[in-house]
Amino acid sequence: MNQEILVLVEHLRGQVADITYILLAQARLVAQASGGKVCALLAGHGAEGLSRDLAADQVLYVDHVALQEFNGEAYTRLIAAVIAERSPRLVLLGDTSVGADIASGLSARLELPLISCCRTIKAEGSQLTFSSQICGGKLMAEGPIPAQTTLVTMLPGGFRVEQGRSAHPPAVTRMEAPGLDGLRITLKQYIEPKGEDVDIARQPLLVGVGRGIQRQDNLEVAQELADALGGVLCATRPVVDQNWLPTSRLVGKSGKSVKPQVYLALGISGAPEHAEAITGSEMIIAVNTDPTAPIFNVARYGTTHDLLDLAPALADKVRQAKGG
Amino acid sequence: MPERIDFWGIPQPWGPILVYSIVSLAAIVFLVRFYRQASLWWKVGRPERRWNHPLLRLWNLVKVSIAQLRILRQRYPGIMHLTLAWAYFVFFLGTALATINGHFFKFLEGSPYLIYKFVLDIFTIVFMVGAVMAAFRRFVKKPDRLTLSPRYTWSLIFIIAIVINGLLVESFRLAIQKPDWALWSPAGWALAQLWIVTGIPQVVLQGLHVAFYTIHFLSVSALFVILPASSLVHIVTGPLNAFFAELDRPTGRLAALPLNKQSEPIYASTLRGLTWKQLLDADTCTECGRCQDVCPSYNAGGEISPKLLVVKVRDALRRDGRAIAAGGPSPLLVGDGISEAMVWSCTTCGACDQECPVLIDHTGLAVDFRRYLVSEGKVETRLSETLANLSRYGNSFGQSERARPRWAQSLPVKVRDARKEAVEYLWFVGDYASYNPQVTDVTRQTAEIFQKAGLDFGILYEGERNSGNDVRRVGEEGLFEFLVEKNTAALGKCTFQKMITCDPHTYNTLRNEYPAEVMGGRPVQHSSELLQELAASGKIQLTKKLGYRVTYHDPCYLGRYNQVYAAPRELIEATGCTLVEMPRHGAQALCCNAGGGRIWMDEGSLRERSERPSESRVREAAALPGVEMLVVACPKDLVMFRDAVKTTGLEGKLVVKELAELVGESMA
Amino acid sequence: MKILVPVQFVPDLVEELVIDAGGDRLDPYSIRWKLNEFDEHAIEQAILLKEKYGGQVTVLAPDFEGVEDALYEAAAKGADRLVRMCADFYQGTNSHALARLFLSFVQQNKPDLVLAGVQAYSSLDGTVGCLLAGLLDWPYVGYVSCVKPGDQRVEVRKEYPGGLTAELEVQLPAVLGIQAAETPPRYVPISRVRQVMKTSKIEEFNGDLDLMGGLAPEHMFPPQVAARAAMLDGDVDQVADQLVAILREQGVL
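For clarity, every value in this text was computed on a predicted model and none was experimentally measured.

Student: Can you help me understand the overall build of chain B in this one?
Tutor: What chain B contains, in helices and strands, is 27 helices and nine strands. The principal-axis extent of the C-alpha atoms belonging to chain B is close to 100 × 60 × 50 Å. The buried share among the 668 residues of chain B stands at 44%. Taking the contacts inside chain B whose residues are at least 6 apart along the sequence as the reference set, 80% of them involve residues at least 24 apart.

Student: Looking at this model, I keep getting lost on the overall build of chain C. Mind explaining?
Tutor: Broken down by element type, chain C carries six helices and 13 strands. For chain C, the C-alpha atoms occupy an extent of roughly 65 × 45 × 40 Å along the three principal directions. When each of the 253 residues of chain C is scored for burial, the buried share is 51%. Taking the contacts inside chain C whose residues are at least 6 apart along the sequence as the reference set, 71% of them involve residues at least 24 apart.

Student: Looking at this model, I keep getting lost on the domain arrangement of chain B. Mind explaining?
Tutor: Much of the literature gives interface size as the accessible area that the parts lose upon coming together. All names here are of chain B. Its domain assignment divides chain B into domain 1 (14–243), domain 2 (271–375), domain 3 (395–534) and domain 4 (541–667). When each unit is reduced to the centre of its C-alpha atoms, the spacing between domain 2 and domain 3 is 34 Å. In this assembly, six residues from domain 2 lie in contact with five residues from domain 3. Considering only residue class, the side of domain 2 that touches domain 3 consists of three nonpolar, one polar and two charged.

Student: Explain the pairing of strand 4 (residues 38–44) of chain A to me, please; I cannot follow it from the model alone.
Tutor: Each regular strand shows side chains that alternate between the opposite faces of the sheet. All names here are of chain A. Across the seven residues of strand 4, seven count as buried, placing the element largely inside the fold. Burial along strand 4 is two-sided: the face carrying Val38, Ala40, Leu42 and Gly44 and the face carrying Cys39, Leu41 and Ala43 are both buried. Examined bridge by bridge, strand 1 (residues 5–8) and strand 4 share four bridges and lie parallel to one another. Residue pairing in the sheet places leucine 6 in a bridge with cysteine 39 of strand 4.

Student: Help me understand the interface of chain A and chain C in this model?
Tutor: Tallying the contact residues gives 71 residues for chain A and 64 residues for chain C. Here the residues of the side of chain A that touches chain C sort into 35 nonpolar, 22 polar and 14 charged.

Student: Which parts of the structure should I look at to understand the pairing of strand 6 (residues 90–94) of chain A?
Tutor: All names here are of chain A. Within strand 6, five of the five residues are buried, which leaves it mostly tucked inside the rest of the structure. Because side chains alternate across strand 6, one face comprises the buried residues Leu90, Leu92 and Gly94, and the other comprises Val91 and Leu93, equally buried. Pairing between strand 1 and strand 6: three bridges, direction parallel. Note that in strand 6 the partner of valine 7 across the bridge is leucine 92.

Student: Got a minute to help me understand the packing of helix 20 (residues 477–492) of chain B against helix 5 (residues 190–199) of chain C in this structure?
Tutor: When two helices pack together, you describe them by how their axes are tilted relative to each other and by the distance separating the axes. Contact pair helix 20 of chain B / helix 5 of chain C: the axes reach a minimum separation of 6 Å and the direction vectors enclose 80 degrees. Considered as vectors, helix 20 of chain B and helix 5 of chain C are oriented roughly perpendicular to each other. Contacts from Glu477, Gly478, Leu479 and Phe482 of chain B of helix 20 of chain B reach helix 5 of chain C at Ile190, Ser191 and Arg194 of chain C.

Student: What exactly am I supposed to notice about the nonpolar core here?
Tutor: For soluble globular proteins, nonpolar side chains are generally found buried alongside one another. Val7, Leu24, Ala40, Leu41 and Leu92 of chain A together with Val59 and Leu132 of chain C are the most contacted members of the largest nonpolar core, which has 266 residues in total. Ignoring any residue separated from it by four or fewer positions in sequence, one finds valine 59 of chain C in contact with Val5, Val7, Ile43, Leu71, Ala74, Ala79, Leu82 and Val83 of chain C.

Student: What's the story with the interface of chain B and chain C in this structure? I'm lost.
Tutor: Contacts between chain B and chain C engage 18 residues on the former and ten residues on the latter. At the level of elements, helix 15 (362–375), helix 16 (381–393) and helix 20 of chain B are the ones that each hand at least two residues to the side of chain B that touches chain C. By residue number, the principal contributor to the side of chain B that touches chain C is helix 16 of chain B, which donates five residues. Its residues assigned to classes, the side of chain B that touches chain C comprises seven nonpolar, nine polar and two charged.

Student: Can you help me understand helix 26 (residues 635–647) of chain B in this one?
Tutor: Residue pairs spaced three or four apart in an α-helix point in one direction, given the helix's 3.6 residues per turn. Residues and elements named next belong to chain B. The end-to-end C-alpha distance of helix 26, which contains 13 residues, comes to 19 Å, matching closely the 18 Å that a straight helix rising 1.5 Å per residue would cover. Counting buried positions over the 13 residues of helix 26 gives eleven, a clear majority of the element. Inspection of helix 26 places Pro635, Lys636, Asp637, Leu638, Val639, Met640, Phe641, Arg642, Asp643, Ala644 and Val645 among the buried residues, and these make up the whole buried set. Phi for glycine 649, located one or two positions after helix 26, is positive at around 70 degrees.

Student: What is the right way to look at the sheet that holds strand 11 (residues 202–206) of chain C in this model?
Tutor: Spatially, 12(A)-9(C)-8(C)-7(C)-10(C)-6(C)-1(C)-4(C)-5(C)-11(C) is the arrangement adopted by the ten strands of the open sheet, whose pairing is mixed. Both edges of this open sheet fall to strand 12 (185–191) of chain A together with strand 11 of chain C, since each of them pairs with a single strand only. Taken over all neighbouring pairs, the strand axes of this sheet differ in orientation by 35 degrees on average, direction set aside. Bridge analysis of strand 12 of chain A against strand 9 (residues 165–171) of chain C gives six bridges, and the strand direction is antiparallel. Note on strand 9 of chain C: the bridge partner recorded for threonine 186 of chain A is glutamate 169 of chain C.

Student: What is the right way to look at the sheet that holds strand 13 (residues 205–209) of chain A in this model?
Tutor: Backbone hydrogen bonds hold the strands of a sheet together, and the pairing may be parallel or antiparallel. One open sheet accounts for six strands, arranged 14(A)-13(A)-15(A)-16(A)-17(A)-13(C); its pairing is parallel. Both edges of this open sheet fall to strand 14 (232–235) of chain A together with strand 13 (230–231) of chain C, since each of them pairs with a single strand only. Here strand 17 (residues 301–303) of chain A runs beside strand 13 of chain C; their pairing, made up of two bridges, is parallel. Following the sheet pairing, glycine 302 of chain A is matched in strand 13 of chain C by methionine 231 of chain C.

Student: Would you mind going over the packing of helix 23 (residues 527–537) of chain B against helix 24 (residues 566–574) of chain B with me for this structure?
Tutor: Residues and elements named next belong to chain B. Two elements in contact, helix 23 and helix 24, have axes separated by 8 Å at closest approach and are oriented at 45 degrees. In terms of axis orientation, helix 23 runs oblique to helix 24. Where helix 23 crosses over helix 24, the handedness of that crossing is left-handed. Here Ser528, Glu529, Leu531, Gln532 and Ala535 of helix 23 come into contact with helix 24, specifically with Ala567, Pro568, Glu570, Leu571 and Ala574. The residue inventory of the contact of helix 23 with helix 24, partitioned by class, reads six nonpolar, two polar and two charged.

Student: What exactly am I supposed to notice about helix 4 (residues 219–229) of chain A here?
Tutor: Residue and element names in this part refer to chain A. Within helix 4 the residues assigned to the buried category are Val221, Ala222, Leu225, Ala226, Ala228 and Leu229. Projected onto a plane normal to the axis of helix 4, the buried residues spread over an arc of 165 degrees and lie on a single side. Close packing links the buried residues of helix 4 with strand 13, strand 14, strand 15 (262–266) and helix 8 (307–323).

Student: What am I meant to see in the environment of valine 152 of chain A here?
Tutor: All names here are of chain A. You can see valine 152 is positioned in strand 10 (residues 150–154). Along the primary structure valine 152 and valine 7 are separated by 145 residues, whereas in three dimensions their C-alpha atoms are 9.8 Å apart. When neighbours within four sequence positions are excluded, valine 152 is seen to be in contact with Leu90, Val91, Leu92, Ile115, Cys118, Ile121 and Phe130.

Definitions and cut-offs
- Starting afresh in each chain, residues are numbered from 1 along the sequence in its written order.
- Numbering of ligands from 1 and lettering of chains from A proceed in the order in which they are written.
- A pLDDT threshold of at least 70 governs which residues receive local features in this predicted model, and a stricter bar of 80 or more applies before side-chain atom pairs are shown or counted, although totals over entire chains, interfaces and linings include all residues.
- The numbering of helices and of strands both runs from the N terminus, where a helix is a DSSP run of H or I of at least 4 residues and a strand a run of E of at least 2.
- A residue is called partly exposed when the number of other C-beta atoms within 10 Å of its own lies between 12 and 20, exposed at 12 or fewer, and buried at 20 or more, with C-beta atoms placed from the backbone.
- Contact between two residues is assigned when their C-beta atoms, built from the backbone, lie within 7 Å.
- Just so you know, the domain bounds were taken from an automatic or database domain assignment.
- Asp, Glu, Lys and Arg are counted as charged, while Ala, Val, Leu, Ile, Met, Phe, Trp, Tyr, Cys and Pro are counted as nonpolar; the rest, among them Gly, fall into the polar class.
- Strand pairing is assigned whenever DSSP detects at least two bridges linking the two strands.
- Axis definition: a line fitted to C-alpha atoms, limited for helices to the stretch in contact. Angles are taken between N-to-C directions and run from 0 to 180 degrees.
- Any angle that falls under 35 degrees is termed roughly parallel, while one over 145 is termed roughly antiparallel, one within 65 to 115 roughly perpendicular, and all others oblique.
- Here, a nonpolar core denotes buried Ala, Val, Leu, Ile, Met, Phe, Trp, Tyr and Cys residues that are linked to one another through C-beta atoms within 7 Å.
- Expected span of a helix, by definition, is 1.5 Å for each gap between consecutive residues, and there is one gap fewer than residues.
- We call a crossing left-handed when the near helix sits turned anticlockwise from the far one by less than a right angle, and right-handed when that turn is clockwise.
- Directions from the helix axis toward the C-beta atoms define the arc.

Shown next, in the form of structure tokens:
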């Protein structure tokens, strides 16, 4: 085993996912301390160009038609082969719909230890410690990473996307794909999310609503505030699941990640699935009656007033301020 | 000498023979047809015992169906209906007396006869007034709650026609007879002038008399024949329904879940799951719509109404009853005509049951349908989650049981633990008063008032569970029983003499539904009753006279269900406030729409021009001249109305306060 | 089609999480355990499949406090076989250990399809479904929100970020990580659960725990509120004023 940090590049429909850059940033940190190299594994078909801004020492590019779109079985075989060949110190994957589909399988097949929900990895020389966050953000677990190839699935929040981007394209090495016949998973088609109204990912000001909104018609209050501010309404999973807002407004792990200038979180507890999707915001302001809600750990400003009281008052004051 | 001559002017002997035979035949047809319809009630429906206390039942019948006290609650329709109904009572009585007079005992002669004629004629005039009122109402005013279908139009036309016809017959006779006592039949004599003045020959008049007499007895016979199928059948079913009304159970206690011979529950999935009385209810409905007018859900939503619920059952009975009685299949009721939304929209406020002139139990029907839906798991997500929370954590908020007594932690004097020491008053606090941050301040204030009064009280701390009132009304009997078990176990370990609660829902179920062995005859009081007692006996001193102009909202489960109207009002007066009543007060109070589990359900979309009941209520309060405060006696009302004040923009104009807050302020 | 739903228990976050004296794990005796929410969806999806296409549903649950209630509730929803997995869980457990126990059950009972919740928030070492698939060498697809059986295969919908979904075909036997059932988990009235308690039997399945592959943390603690939000003081109006000033400064007003 050497000190190489292997990072799986996650890409979907021609775009590299933000989590990849975060993984690269983490990998760089560890590599610097342990003297290893950061190696990004990019699998695809005619996708070499995606490697251009990866902050890696080396990019391993595997081209095969079966790898054109993400396929859990194909990726598992590929990574297993790469691990067998290169014996990296760590294998970093995103704790996402891509990474989580393969990490545990690899752990079972290759009998390698696995750490999930990891926020940060600290490196002191070759001594590595992990810090994971579990139980809805209410519990931290830390410990040493064993001295063997270890798989880690990571959550965003420890690094900014820019830290994993590079101005200079890294060196790309092509690698032969392992046998990819007889795959038992096949992609039939993608289904686009319905009726794109607003792209919340491009909005500079977002008003997010969570469980604390309680009833569908309290949304009016939030919408009014959003209108007064000139922003857009978005929501966490419980709200979207009830069909109070369309899925295009979902901010979270299975929804969109957003980076507005201001994110006003109303009645949102701040559980990791949502929190990780808003950490890119410049400023988060949280309104929640529960002072122990984890949202206050990511927000810059907070208040425990009831959103049903505060939102109308704030909307009024904003209108006054704008109207003169 | 004035006397009634039987069959005057009618050719003998065929006349009477024809009249008696045809009318009797019509009566028999009526009885047969009515029996065929009525027998469906017990052939299709489940058995139920309703024969006890016959004299009390008869008295109810007199109050509800003869004196028609409920109908009189609304002036115009009340007068209108009483004139029409009483006129017919009198006419029917008149005919009966005439028959007795003709065949058994002659008494309609001299003064008795004159009075008899006078009364009949006066009631003809009275009827005409009612007829004009009815026609104006049905064809010109057209209030929303009426069903304006041809069926009802024809009924009205028919009964008016019969009376006009009768008057005509009398007028022709009087025009011929020209008796000295003609003025004792003022209406008939007035009409008779028309024939006299126009100089119609005797012979023609005689012919007209016989003709219209014939039409008269034929149309009355026709009335008998069509009665079972017409809307006028309520003449029979109304009194029957009043007679068989529920006497044993207080309104605050729901009927037990019925079990079949294998001890399995019977659900109201089809008509067979309803009792014969419920089917009679359905057949009795006259579609008057008074229930709909007072229903908070209808006035906020639209197609969902108690009237519609009952009418749909009636339609199902008419359509499938015969086939089911013959052993055919029973189609499902909910899902066919009765939507699930309709069933869930009921707040169980009881306003409909209270208004109904024929004593239909709409609420019981809705709860029975809910029991069925719950048994099938057809429960919407939000309610399903709340029920799961109630089952797992014993409260509807999904918070730990350990958090229940947290409201009391900040009190300077610790509230006693009734599980550990004997107390005189056991205070069953309730979910909303314990967990909802909008209410806990008031709960603390209440505790401090009790402490200042030197009351010997304690609470169950973590041992308390939701009392189950609304769980039962949502139709989850199993969960209700489970909660009762848990609370019973906790109560069983305590020593106390009386129970108090500030939550009317809790009050209702503890008082009316918890097993007698558990309550042990110990009284349950609402905090308003207790506070009023304490103020009256001087244990708390309401020294500061507040001088606010306030109005008071009667909670459904305190007022309408348990008749506690006076104590809160006396308490308000005792604090030195002036009480101004809202138009809909007391038993007519408008439900805030939180009950029956509605506060646990998705509100659904509102019709554009309609408003929430809670908003309508705060507007009603704010409209009272000089009134600045709405006083409530229920934690859910507090939450609902404070929210409504915000959403209607009445902040600054109307303040919502709980009784305890008022008392606390007055004690300062 | 034989469907197996192996479930997990997670700490109920409504209560406070108690860390045991050693400071390196949660105290299982002080924790209130509840069925993993995603596993509830997996049960629901399995029952939906059984109702639409026939088959048999087995629910396999580790022996934690409340396991019987959870199994009976599953039976009341329509599960056919209830199995309680007995092992010394309270001594320590992880996803790898659970996966291995589930593996031996699968090897003995040979289901066609395994539906597991896509994740459990208390897991530090991966997802049980994916681990199980790896041990079995069966295909695995996670974040599944729709399942339709075909001939020796299933068609599934997999959720990606941004609301994008993919339709995939997976050959059986397979393991699926369920994110959401097609309809929310149904409600079963307590009376039905009580009824089912009288007629259903819970089988027992014994096994040994093998914790290899999962990491034992050195210590567990509630997150330190390092960069905590500056809480704004005052009544509603005052806070609103402060927010207007903040928003102005930020340049959005």
